Amino acid sequence: MRLVQYRRKADTSQQVQVGALVDEQPPQQQNHGTVLPLLLPEGVSDVRSLLTAGPTAWENLQAQVSHYKSSTSNDKSQQIVDLSTVQLLPPVHNPDKVLCVGLNYEQHCIEADKPVPAIPVIFSKFSNSLCADGDNIVLPPARITEEVDYEVELAVVVGKRLGLAELDALEK
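Keep in mind the model is a prediction, meaning the values are calculated, not measured.

About the criteria used
- Residues numbered from 1 in each chain as written.
- Predicted model: local features only at pLDDT ≥ 70, side-chain atom pairs only at ≥ 80, totals over all residues.
- Heavy atoms only, no water.
- Helix = DSSP H or I, 4+ residues; strand = E, 2+ residues; numbered from the N terminus.
- Buried < 20%, exposed > 50% of the residue type's maximum accessible area, 1.4 Å probe, protein only.
- Polar contact = N/O pair within 3.5 Å; in protein donor to acceptor, adjacent residues only side chain to side chain.
- Contact = heavy atoms within 4.5 Å.
- Pairing = 2+ DSSP bridges.
- Core = buried A, V, L, I, M, F, W, Y, C linked by side-chain atoms within 4.5 Å.
- Patch = residues over 30% accessible without salt bridge, like charges linked within 9 Å, V, L, I, M, F, W, Y side chains within 5 Å.
- Areas by Shrake-Rupley, 256 points an atom, 1.4 Å probe, with all protein chains shown as cover.
- Salt bridge = Lys/Arg side-chain N within 4 Å of Asp/Glu carboxyl O.
- Expected span 1.5 Å × (residues − 1).
- Arc of directions from axis to C-beta.

With that settled, consider the side chain of Ser71. When you line up the elements, Ser71 lands in the loop between α2 (55–70) and α3 (73–79). Ser71 gets classed as buried once you look at its relative accessible area, which sits at 13%. A polar contact of 2.7 Å, which involves the side chain of Ser71, links it to the backbone oxygen of Tyr68. Once residues within four sequence positions are removed from consideration, Ser71 is found in contact with Lys76 and Gln79.

Next comes the structure, spelled out in structure tokens:
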């Protein structure tokens, strides 16, 4: 299940909603697909609070998506929102941390005229560096920096802590 946070473009209240991407189209057909608005459990208002809500909340959301997928086409059209009518927001708009890996593939190192690092280059960003799909990216004034990198390949949202057994599995 691919969760999204979004705002309806026509909604002046700017209310953040949570949904599941369904009936997705290929990435080259941007903004083609549909979002199934999800009914969130009590106390859950966004994806971040959903990540810590526990297995019952997840089972509830999976049931909603399963119900949608098994419904008739007439029922489906009344439940979904066309992706072109929404603005996708960062998956988690208020993260504790944004950790980044720099110079993470050889071609980028060649383009940047930098040696391939022996260990990953880790750096952080502030949560206000996140922006919604289509938003302007606000750059700092030139007096602060003239070195702004524009590349992002992947964002990962980690929803739970790894246990020792899971960490051991990563080493095998």
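After presenting the structure, the write-up continues.
Bringing the pairing of strand β3 (residues 34–37) into the picture now. Side-chain positions along a regular strand alternate between the two faces of the sheet. The sheet contact formed by strand β2 (residues 17–22) and β3 spans four bridges and is antiparallel. Bridging from a neighbouring strand, Ala20 pairs with Leu36 of β3. Summarising the sheet, β3 and strand β4 (residues 81–82) pair through two bridges and their orientation is antiparallel. Each residue of the ladder has a partner; that of Thr34, found in β4, is Asp82.

The next point concerns the nonpolar core. By size, the foremost hydrophobic cluster in this structure holds 14 residues, and its most contacted members are Leu36, Leu38, Leu50 and Val65. Looking at this core, the element that brings in the most residues is α2, giving four residues. Once you skip the residues sitting within four places of it in the chain, Leu50 turns out to touch Leu3, Val44, Ala57, Trp58 and Leu61. Of all hydrophobic cores here, the second largest spans seven residues; its members include Tyr6, Val35, Leu83 and Val86.

Spatially, β4-β3-β2-β1-β5 is the arrangement adopted by the five strands of the open sheet, whose pairing is antiparallel. Two strands close off the open sheet at either side, each with one partner strand: β4 and β5 (86–89). Sheet topology note: the strand β1 (residues 3–8)/β2 ladder contains four bridges and is antiparallel. If you follow Tyr6 over to β2, its bridge partner there is Gln17.

Judged by side-chain polarity, Leu99, Val101 and Ile122 come together as a nonpolar surface patch covering roughly 310 Å² of accessible area. Mapped onto the elements of the fold, Ile122 is located in strand β7 (residues 121–125). Assessed through its relative accessible area of 54%, Ile122 is described here as exposed.

Next up on the list: unusual backbone geometry. Of note, the phi angle at Gln14 is positive, near 60°, even though the residue is not glycine. A positive phi angle, close to 45°, is found at Leu103, a residue other than glycine. Tracing the backbone shows Leu103 in the loop between β6 (98–102) and α4 (106–111).

Our next topic: the environment of Val44. Inspection of the secondary structure assignment puts Val44 in the loop between β3 and α1 (47–51). Take Val44: its relative accessible area is 12%, and that puts it in the buried class. Along the backbone, Val44 and Ala57 are 13 residues apart, and their C-alpha atoms lie at a distance of 8.9 Å. Those residues in contact with Val44, other than ones at most four positions away along the chain, are Ser49, Leu50 and Ala53.

Spanning 16 residues, α2 covers 22 Å between terminal C-alpha atoms, matching the ideal 22 Å at 1.5 Å per step. All of the buried residues in α2 are Ala57, Leu61, Gln64, Val65 and Tyr68. Relative to the axis of α2, the buried residues are bounded by an arc of 90° and lie together on one face. Opposite the buried face of α2, at more than 90 degrees from it, the exposed residues are Pro55, Thr56, His67, Lys69 and Ser70.

The quantities given are spatial measurements derived from coordinates; they are silent on function.
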